[in-house]
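Each chain is listed here by its residues.
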Amino acid sequence: MDLRGLIGRWPVIRQLRGEDGRGSAARSARTDALRPRTAEADTVARSVCPYCAVGCGQLVYAKDGRVTQIEGDPDSPISRGRLCPKGAASKQLVTHPGRQTTVLYRRPYGTEWESLDLATAMDMIADRVMATRRETWQETVDGKVVRRTLGLASLGGATLDNEENYLMKKLYTALGAIQVENQARI
Amino acid sequence: MAECHPVGFQWVMEAKARGAKVFHIDPRFTRTSAMADAHLPIRAGSDIVLLGALINHVLKGAHDFREYVLAYTNASAIISEDFRDTEDLDGLFSGFQADNASYDPASWSYEGEDVPREREEQARGGRVHAGSASADQYGSGGPSAHPTPHTDPTLTDRRCVYQLLAYHFARYTPKLVEELCGIPRADFQRLANAIVANSGRERTTAWVYSVGWTQHTVGAQYIRAASILQLLLGNIGRPGGGILALRGHASIQGSTDIPTLFNILPGYMPMPHAELHETLEDYLGYAAGDTGFWGNKRSYLVSLLKAWWGDSATADNDFRFGYMPRITGDHGTYATVFGQIDGTVKGYFVIGENPAVGSAGGRAQRLGLANLDWLVVRDLVPIETATFWKDGPEIETGELRTADIGTEVFFLPAASHVEKEGTFTQTQRLLQWREKAVEPPGDCRSDLWFYYHLGKLLRERAGDTEMDAPLRDLTWDYPEEGEHADPSAEAVLREINGTGPDGRALSSYLDLAPDGSTRCGCWIYCGVFADEVNQAARRKPGREQSLVAPEWGWAWPLNRRILYNRASADPQGRPWSERKSYIVWDPDRREWTGPDVPDFEKDKPPDYVPPPGATAQAAIAGDAPFIMQTDGKGWLFAPAGLADGPLPTHYEPDESPVPNTLYGTRASPARKTYRRPDNPANPVAGTRFPYVLTTYRLTEHHTAGGMSRSLAHLAELQPEMFCEVSPQLAAELGLDNGGWATIITSRAAIEARVLVSARVRPLRVAGRTVHQIGVPYHWGWAGGGLVTGDAANDLLGIVLDPNVYIQESKAATCDVLPGRRPRGAALRALIEEYRRE
Ligand code: SF4
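Small disclaimer: the values here were computed from a predicted structure and weren't measured.

1. Description of unusual backbone geometry
Residues and elements named next belong to chain B.
Piece 1. Put simply, Trp 556 and Pro 557 share a cis peptide bond, and its omega is -10°.
Piece 2. As for its placement among the helices and strands, Pro 557 is situated in the loop between β16 (554-555) and β17 (584-586).
Piece 3. At Asp 531, a position not held by glycine, the phi torsion is positive, near 60°.
Piece 4. Within the secondary structure, Asp 531 is located in the loop between α21 (489-497) and β16.
Piece 5. Residue Asp 531 is classed as exposed on the basis of its relative accessible area, which comes to 57%.

2. Regarding the pattern of salt bridges
Residue and element names in this part refer to chain B.
Piece 1. For the structure shown, the criterion picks out 61 salt bridges over all chains.
Piece 2. Between Arg 31 and Glu 700 there is a salt bridge, with the nearest N and O atoms lying 3.2 Å from each other. Taken together, the residues Arg 31 in helix α2 (residues 31-35) and Glu 700 in the loop between β20 (691-696) and α22 (712-717) connect sequence positions 669 residues apart.
Piece 3. Note on Arg 31: relative accessible area 39%, which makes it partly exposed.
Piece 4. Ionic pairing is found between Glu 751 and Arg 820, a salt bridge with its closest N-O pair at 2.8 Å. Here Glu 751 is found in strand β23 (residues 749-756), whereas its partner Arg 820 is found in the loop between β28 (812-818) and α24 (825-836), with 69 residues between them in sequence.
Piece 5. Residue Glu 751 is classed as buried on the basis of its relative accessible area of 6%.
Piece 6. Residue Arg 820 is classed as partly exposed on the basis of its relative accessible area, which comes to 46%.

3. What about the sheet that holds strand β2 (residues 57-63) of chain A?
All names here are of chain A.
Piece 1. Spatially, 3 strands are ordered β1-β2-β3 in an open sheet, and the strand pairing comes out antiparallel. The outermost strands of the open sheet, each flanked by one partner alone, are β1 (43-48) and β3 (66-72). Averaged over all adjacent pairs, the angle separating strand axes in this sheet is 30°, with direction ignored.
Piece 2. Of the pairings in the sheet, the one linking β1 to β2 comprises 6 bridges and is antiparallel in character.

4. Things to note about the interface of chain B and chain A
Piece 1. Taken together, the contact between chain B and chain A spans 162 residues of the former and 114 residues of the latter.
Piece 2. For the pair chain B and chain A, the summed buried surface comes to about 12,100 Å²; carbon and sulfur atoms form 62% of the total.
Piece 3. Among the residues chain B hides against chain A, the three largest losses belong to Thr260(B), Arg461(B) and Met467(B). Together they make up 6% of the total.
Piece 4. Counting every contact that joins chain B to chain A gives 13 salt bridges.
Piece 5. The salt bridge partner of Arg543(B) is Asp75(A), with a shortest N-O separation of 2.6 Å.
Piece 6. Linking chain B to chain A there are 80 residue pairs in polar contact (both at pLDDT 80 or more).
Piece 7. Looking at the side of chain B that touches chain A, the element that brings in the most residues is helix α19 (residues 447-461) of chain B, giving 12 residues.

Rules behind the numbers
Residues numbered from 1 in each chain as written. Chains lettered and ligands numbered in written order. Predicted model: local features only at pLDDT ≥ 70, side-chain atom pairs only at ≥ 80, totals over all residues. Heavy atoms only, no water. Helix = DSSP H or I, 4+ residues; strand = E, 2+ residues; numbered from the N terminus. Buried < 20%, exposed > 50% of the residue type's maximum accessible area, 1.4 Å probe, protein only. Salt bridge = Lys/Arg side-chain N within 4 Å of Asp/Glu carboxyl O. Pairing = 2+ DSSP bridges. Axes fitted to C-alpha atoms, helices over the stretch in contact; angles between N-to-C directions. Contact = heavy atoms within 4.5 Å. Buried area = accessible area lost by both parts, 1.4 Å probe. Polar contact = N/O pair within 3.5 Å; in protein donor to acceptor, adjacent residues only side chain to side chain.

Rendered as C-alpha cells:
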C-alpha cells in the first residue's frame, strides 16, 4: 500500500489540513467498518421510559436475549425521539453489573445475608402472610364490621404497571389488608 | 420542568418559539429559569399569597372572562348565610371544631340546599371524611352538592361566590406578595399583566406544577388556587389552557387511577368505611353524588365487585360487598410507620420503593422497619430499605445493633421495565403499553408474577372459614405464559377494561350495568381494550396524525385528551374564537365534533335543559361542561369536599421562620400532625432553626436514587450530595464552595458538599432577610449505589395535608454549620442538644 496515501488518510493529518474534524475527516477504515448496535439487533421492542411521567417512547434493541441498546422512539408524538440523561442511560439500568439477580435472605437477628431459592422464599412469604393475618384479624371495631388485618402493610413505587397495581389491590382487598399505599401518596 | 421533565419541556420551548411568554416561579434558579422570560424566586411555602394576589388582581380589575365565568362556573351561586370567611374569624372558616382540629363543612353549602340525604362530607360533622383522606376520591370528579343552587346572575349579591371570592382575597395585594413571598411588586405586576393579556377568547394561559405545589400542609389548596384563577380567566377545558400536574414517576397517575392507596378503590371510588358504608345501599347513598356521571356509581361499583368475585357475587349477596375490608380512619403510609414502631404492623411489603431514605422522617421509617416480624423488599438492587439492619445510620450511631434487630428480611430481585409487558399511565392520563424485550435474568421476576403466584399460594392455604371466603371466591385465573409461568398482562388489562354479558370486551363505561351483568376492574379505564384491541399499544407515528395524536396510546376517559373540552365552545356550542376552536356543536349533524373525543355526550344539544328530578348525566345541562360535578359547574368556591376550607388561604408551613402577618391563625388549623417523640417538630419561635429548607430533584437522578445511583453514567454526572446556599449566607456562616456543611433539624443532622451559588437568592420577607437552603434528596448510604451520601429526607418531619395526606417536604426550617457532621454517638448528642434548646 502506498505509505503516503495511508498517512494522508490518517484522520489527525486530515484534521490538521483543515478538514472538519466532525465530518469525513473523523472517518477511518475501522470506523467505516463499524455498524451500529441497532442494525445488528435481533429484535426491537417498543417501550416507555421508566423514570419520570413524561412517558417518552423507547426502542429497546436486543441481540441473543440481551439488551444491546435503548434509543428514543422518533414515532412518539410526546417525545419525538428524544430522551433526557436518565432515559438515555436506561440501558445501564437494565444491564449494570450491580443488579441483584438472586434472592437474599436475612434471618431474624442475623448479621449477614444468606441465599435462598425463589420457590422456598415464595412459600415462606405465603406462610407468614397467612399467619400474620390470622393473628391480627379484626372482625369488628367499636361494634362495626371491618373484616380486616392491621398486621400487614404495603408500600409500592410508582413505576409499577397498572396491571401490577391492579393485582396488588385486588389480592390485598381479598386478604383484608387495608394499609396499602404507594409513592403516589408521597 | 426543564430539570425534572426535560423532554416535556421541549413543548414549552416550542410555544416560546411561537411567541408564548414563560414565567418560572421557583425558590431556586434552574435550567427552566434559564430558558424562561422571567424567573420569580419565591419563598417556599408562600404560593397561595401569590396566587391569591393574582385572583384579586383579576377580580379588582374585572379582568375575568365574564361570559365563561357566568355560564361555566359557580360564580353566581349563593352560599349559606351561616358561612363565615377567614376575614371574619381571623384565619378560620365557620365550622372549625377545635377539639379535633377539623371542619364541619355544613355552613359552606349552597343556600337552600334541601339535599335528601346527609352527604358524605358532612356525615359525623365532617370527621369521617377528613379522618380518612376522603378528598382523594375526587381524582376523577367532584363531591356532591345541590345540582341547582340559588343564583344571582348579576354577581352583586354579597353572598354569591363571586363576591365571597372578592372579599376573601381583598388583602392579597402586590404589597403582600412582596412582604411574604419576597417577590418585588414590579415583577408581580409583569406576571399579572401577562396572564390577563394572554387569557380570554383569543388566548389561553397554562399553569404547570409538580410536587413543589403538592408537598405542603396546604398542597391541595395550592392547586385549588390555580383552579380558581384559571376558571376566572376561562382557561380550563380549552386548548393551551389548563393546569398540568407534572407527575414525577412513570406511572404515578396510574397508581392513583388503579390505586394502591388505602382510601380509594379503582376509578376513585371510596374504600368502604366502617361507620358510613355498612351495606351496599349505604355506600351508594353516601359515596359521591347522584347527578353528573358519578350518578352511575352503582354500575361502576357492582361491575368492580363482579370483576373480583365473579359468579359468587350476586344481587342476593350485595355482589359480595361484605367481602371488602373496612377502613376506620387514617391508614396512610405514615400512620403505618408509626404502627410499625408501636408494634401493630408486623409484616411489610416494599415494592419498588425505598422508604428508608425516600420518605419523610427517615429515622422513624427505619425504627419501624427494625420492629417488624418480617419484611419483603422487591427491587433491582438491594436498596437501603433492605439493608438498614446491617448498615443504617442508627447502626452507625449505636442506637440500634444488628444482633438486636429481629426483622426477617426477604429481598426478591425484580424484573426491569424491558423484561415485562404492561402499561404505564403518564402525566396526561395516557396509557402506553410496553412490549417485553428480553426475559429477566436469574430469579428476577415482574411484580405481576410475584402477586399472581403469591395469590395462588395464599389461595392454596385458604381454609373453609368465613375469613378466607373472599380469598377462595376471588377470580384469579389468568393465562400463564413462558418459562416462568408469567400471568398474561393483557388478560389483566382486559379485566380492568371490563366485559359485557356476552364476555366480550366493553368499549365504554356507559355500557356498564348496575345489575351484575357486566364486569369491570376500573371504570375510568373502560375502553382501553375496546373492540378486543389493546388500545394502549397503538403506535401510529405522531407525524402522521393531528397535533392531538389520538391514535398513540389511549387516554382515560374514552381516549379524551383535553378534559372538560365542552368548555372550549361557548354556551351555544360555537368556538370562543377561530384561533381557539376545538370541540364545537355541529347543528346540521346534531353532534359535538372536533379533533378530540368530546368530553360530553356526543348528541346532547347545547340547549338541553334537564327535567326536574333527573339523575346522572341526564341532570347535566347542555351548557354545563363540568360533567363530573353534581351541578356541571367549575367550582370557584368548593361547597363540599375539602377538609381545610372552601377557599385557599395563606397559612405558614408547619415550620417557618416568619409569622403569618395575614391572620392570627399561623399555620393551617386542619393540617394533619403526629406529635410524638419519634417525630419532633422544630419550634416556630426562637432562632434555633433560622433558615428555610426545601428539597428538590436533579435531572440526572431519580427520587431516592434506587434507579439512578447504581448507573455509572448518572452517578458520574451527579456524584455527590450537596446543599445550595447563597454567597451571602456562605459568607455569614463561613461556608466554602466545595467544602462541607452540616444541616440540622430536630430530626437529624446530615452533611453535604457546599454549593455556593447565586441560583439561591436571599429574600426580603416580613421586613427581614430570609435565607433558603436547597437540598436534593437522591442520596442514601448504600442501596447498591456507585455514589452515596446522607439522605435529605432524614431532615424532614411528618406533617400532612389534611385532604390527601401528603407530607410537607417542600418547606421546613433548619440550621447550618460549617464542616462535616459528627460520627457515632456524638451525632445523636448534637441533635439532642438542638432539641433541648
Ligand atoms: S427520558 Fe427523561 S423526560 Fe423522558 S420519560 Fe424518561 S426521565 Fe422523563
